[in-house]
Amino acid sequence: MLLAVQALLGLNMISRPVSMDETTYIDAGRAEIAHWLHGTAVPGFAGAFSGAPVIYPPLSAAAAAGAGLTGARLLSLACMLAATALLFSAVRQLFGPRPAVVAGALFLTTASAQYLSVLATYDAMSLMLLALAARCAVAAGESPGRSRWPLTLAAIAAMTAANATGYPSALWDPAVIALIALTGPGRSRASRVAAAAVTAGGTAAALGGLVIAAGPAYRHGILFSTVDRTVNGGHPAAAVLGTSAILIGCLAALAVMGATVLTASARGRAIKILGWLLAAAALLAPAEQARIGVVVSLFKHIGYGAWFAAIPAAYGLARLAELAVRRLSRSRRSLTAALVIAFLTTTVMVAVAGAVTGTIQARDRGNVPAPYSAGAIYLLKPVVREYPGLVLADSPSVLAFSTGTSLGQWANTFSYRYRPPGTARTLIGKPAYLSAIEHRAFSLIVLRQVFSGRPADRAILRLLRRHASQWGYARMWSLHKDGNIRHGSDGKRIYIYYRKSYFQQTVPAPGSSPGRAHSSALGR
């Protein structure tokens, strides 16, 4: 039942607008597959991605090959369904079936879980692998003697795979280590310390070996995308924490309540400590992103902590419901019936409240408009597909994916390197753009008004206007639902500059008749 509800919530948002992250990973996967099969060159994905480009992107591209973007999103949905099933299984072994149902309901109704279910990025797969590691950790902790070690190795392997798939998942490795060390009654302190040391050391050794083998590009990618990440100079910590309170504040409060209830119970000291550590896992993403001043991806990363926080929260809700019914019931028969009714009522109330709140938040996040409208893509597609030049754009991954062109045909306005002809020096950032334009490295430049205030975009626009004799200017038009091409919102916010040497024979002057399929899309 839980998985059916989660699948329905995900499918309800499967057709939301495409995002740049999704198209970037799909295109990167296609490039990696082409490299494996044909030896073609691969762009520097390893130096910029938040996960190893050889793990999730090829799987996403394979899924998209059969069913487009929907196929890639269904892969994410399958991963999130698996994560919920693993959470149910882990809590059931720890606390029994009733808390397991509550835990699943708490997790699947969070906005992050619903959003990740229809987001074709590495996050869902990384979370699923981390959940697998946590499930193996619980099984290892609850197993006696030597039978614990094969499961410990499985937890290490799954945790390593999760961290390689998505680097930010390493932030929750301590929670997995805590599960393997603090679960299982009657274990000696030496046994718990040994389990934690083996798990931590084994994972660190495996990850260290992978980083060394992968090379400097991967090391740069880890630092650039995760450890030292900043966006537009950073955001105030108060803004990050305020957004976090809206997204996960309720579940974090329930987790603290559950840890308190667990502390007051007759269970062992180790499991009580574990309850507080799992509750603290909900705060890891907000604390880390407040440290680096980044709100971007907070909505996704909160889902990792929600998985762990749901464990003590579910125990607390189920235990309080049980205690309340025991006080009100006198006979065993009425006690059993009351327990069932209270449990079902609590679960339904929590699930409905969470589903409503989570769906609203996830829809708000998922309804971000696409960078380019369907009309703009329709008109721009024949332009970029009928000439061999390099295109500069602020959202190249979306345009490459939507126009069916190779990502290698595009450059972006956020980061760029260029070596001018006859020199040994590589330029980076704004000087690189300016030099590339002066040396005619680009044949088409597509800019949006929303980014015209950025320093790089302003410099590019100024240079293009100074070189007006070499560059033609076109206004993007908008295709309306009635099929007629009219000036619209896209025409006011999208600038197109084209090298006259490429388009002087194909772009008509104002008022002339179209000469080729894409001529009506561009005009002086």
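What counts, and where the lines are drawn
- Along each chain, the written sequence defines residue order, and numbers are assigned to residues from 1.
- Per-residue local features of the predicted model are confined to residues with pLDDT of at least 70, and side-chain atom pairs are confined, for both listing and counting, to 80 or more; whole-chain, interface and lining totals are unaffected and use all residues.
- Hydrogens and water are ignored here; the side-chain numbers use all heavy atoms of the structure.
- A run of H or I in DSSP becomes a helix once it reaches four residues, and a run of E becomes a strand once it reaches two; helices and strands are each numbered from the N terminus.
- In this scheme, a residue with accessible area under 20% of its type's maximum is buried, one over 50% is exposed, and one in between is partly exposed, where area comes from a 1.4 Å probe on protein chains only.
- The contact rule is simple, with two residues in contact once any of their heavy atoms fall within 4.5 Å.
- Computed with the Shrake-Rupley method and a 1.4 Å probe, the accessible areas treat only the protein chains shown as cover for residues.
- Each pair of strands is called paired provided DSSP finds at least two bridges between the two strands.
- Whether a crossover is right-handed depends on one test, that the path from the first strand over the helix to the second runs clockwise when the strands point away from the viewer.
- Here, nonpolar core refers to any group of buried Ala, Val, Leu, Ile, Met, Phe, Trp, Tyr and Cys residues whose side-chain atoms link them within 4.5 Å.
- Every axis in this analysis is a line fitted to C-alpha atoms, fitted for helices over the stretch in contact. Angles between the N-to-C directions lie between 0 and 180 degrees.
- Angle categories are assigned with fixed cut-offs, so that under 35 degrees is roughly parallel, over 145 is roughly antiparallel, 65 to 115 is roughly perpendicular, and the rest are oblique.
- Crossings are sorted by hand: turned counterclockwise from the far helix by less than a right angle, the near helix makes the crossing left-handed, and turned clockwise it makes it right-handed.
- Asp, Glu, Lys and Arg are counted as charged, while Ala, Val, Leu, Ile, Met, Phe, Trp, Tyr, Cys and Pro are counted as nonpolar; the rest, among them Gly, fall into the polar class.
- Take the residue count of a helix, subtract one, and multiply by 1.5 Å to get its expected span.
- Working definition: rings of Phe, Tyr and Trp (its six-membered ring) pair if their centres are within 6.5 Å, and the pair is stacked with planes under 30 degrees apart, edge-to-face with planes over 60 apart, and tilted otherwise.
- Salt bridges are identified by distance alone: a Lys or Arg side-chain nitrogen within 4 Å of an Asp or Glu carboxyl oxygen.
- Per-residue confidence from the prediction method is given by pLDDT, with values spanning 0 to 100.

To continue, consider the overall build of the protein. Counting secondary structure elements, the protein contains 21 helices and nine strands. Relative to its 524 residues, the protein shows a buried fraction of 53%. A fraction of 72% describes how many contacts in the protein between residues 6 or more apart in sequence connect residues 24 or more apart. Surface exposure of the protein reaches about 23,100 Å², of which carbon and sulfur atoms provide 63%.

Take the pairing of strand β5 (residues 442-448) next. For β5, a buried count of seven out of seven residues is recorded, marking the element as mostly surrounded by other parts of the structure. Note that strand β1 (residues 390-393) and β5 share four bridges and pair parallel. By the bridge assignment, Val391 is partnered in β5 with Leu444.

On to the pairing of β1. Of the strand pairs in this sheet, β1 and strand β2 (residues 410-412) are connected by three bridges, and their pairing is parallel. Looking at the pairing, Val391 lines up with Trp410 of β2. Handedness of the crossover is the feature at issue here: the chain leaves β1, passes through helix α17 (residues 396-403), returns alongside β2, and the resulting connection is right-handed.

As a further point, take the nonpolar core. A general trend in soluble globular proteins is that nonpolar side chains are found buried together. With 108 residues, the main nonpolar core has Phe107, Trp307 and Phe308 as its most contacted residues. Sorting elements by how many residues they give to this core places helix α14 (residues 298-328) first, with 14 residues. Once residues within four sequence positions are removed from consideration, Phe107 is found in contact with Met80, Ala83, Thr84, Leu87, Ala113, Leu127, Gly303, Ala306, Trp307 and Ala310. Membership of the second largest hydrophobic core comes to 18 residues, among which are Tyr418, Leu447, Ile460 and Trp471.

All right, on to the packing of helix α7 (residues 148-165) against helix α9 (residues 189-214) then. Working note: a packed helix pair is described by the angle between its axes plus the distance between those axes. Where α7 meets α9, the axes come as close as 9 Å, and the angle between the chain directions of the two elements is 40 degrees. Between α7 and α9, the angle falls in the class oblique. Handedness of the α7/α9 crossing: right-handed. From α7, Arg148, Trp149, Thr152, Ile156, Met159, Thr160 and Asn163 reach across to α9, where they touch Ser191, Ala194, Ala195, Val198, Thr199, Gly202, Thr203, Ala206, Leu207 and Leu210. For the contact of α7 with α9, the per-class residue count stands at nine nonpolar, seven polar and one charged.

Moving on, we get to the packing of helix α2 (residues 20-38) against helix α3 (residues 56-95). Interaxial distance between α2 and α3 falls to 7 Å at its minimum, and their mutual angle equals 120 degrees. Between α2 and α3, the interaxial angle falls into the category oblique. Where α2 crosses over α3, the two elements pack in a sense that is left-handed. Where α2 approaches α3, its residues Glu22, Tyr25, Ile26, Ala28, Gly29, Arg30, Glu32, Ile33 and Trp36 are matched on the opposing element by Tyr56, Pro57, Pro58, Ser60, Ala61, Ala64, Leu69, Ala72 and Arg73. For the contact of α2 with α3, the class distribution of residues is 12 nonpolar, two polar and four charged.

Glancing now at α7. An ideal rise of 1.5 Å per residue puts 26 Å on 18 residues; α7 measures up with 26 Å between its terminal C-alpha atoms. Where the residues of α7 are buried, they touch α3, α6 (123-142), α8 (173-182) and α9.

Overall, the coordinates contain 11 aromatic pairs when judged by the stated rule. Taken together, a centroid distance of 6.4 Å and an interplanar angle of 15 degrees make the contact between Tyr416 and Tyr418 stacked. Just as Tyr416 is buried, Tyr418 falls in that class too. An aromatic cluster of three or more residues is present, and its members are Tyr25, Phe45, Phe49, Tyr56 and Tyr122.

Inspection of the entire model under this criterion finds seven salt bridges. In this structure, Glu322 engages Arg319 in a salt bridge whose closest nitrogen and oxygen atoms are separated by 3.7 Å. Placement of the pair is Glu322 and Arg319 together in helix α14, with a separation of three residues, close to one helical turn. In this structure Glu322 comes out as buried when scored by relative accessible area, which is 16%. In the salt-bridge network here, residues are joined through shared partners; they are Arg16, Glu22 and Arg73.

The predicted model of the protein averages 81 in pLDDT, with 78% of residues at 70 or higher. Across residues 364-368 the pLDDT falls below 50, and counting only partners more than four positions away or on other chains, this stretch makes six contacts in the model. Contacts of residues 505-524 to residues separated by more than four positions or lying in other chains number 30 contacts, the stretch itself having pLDDT below 50.

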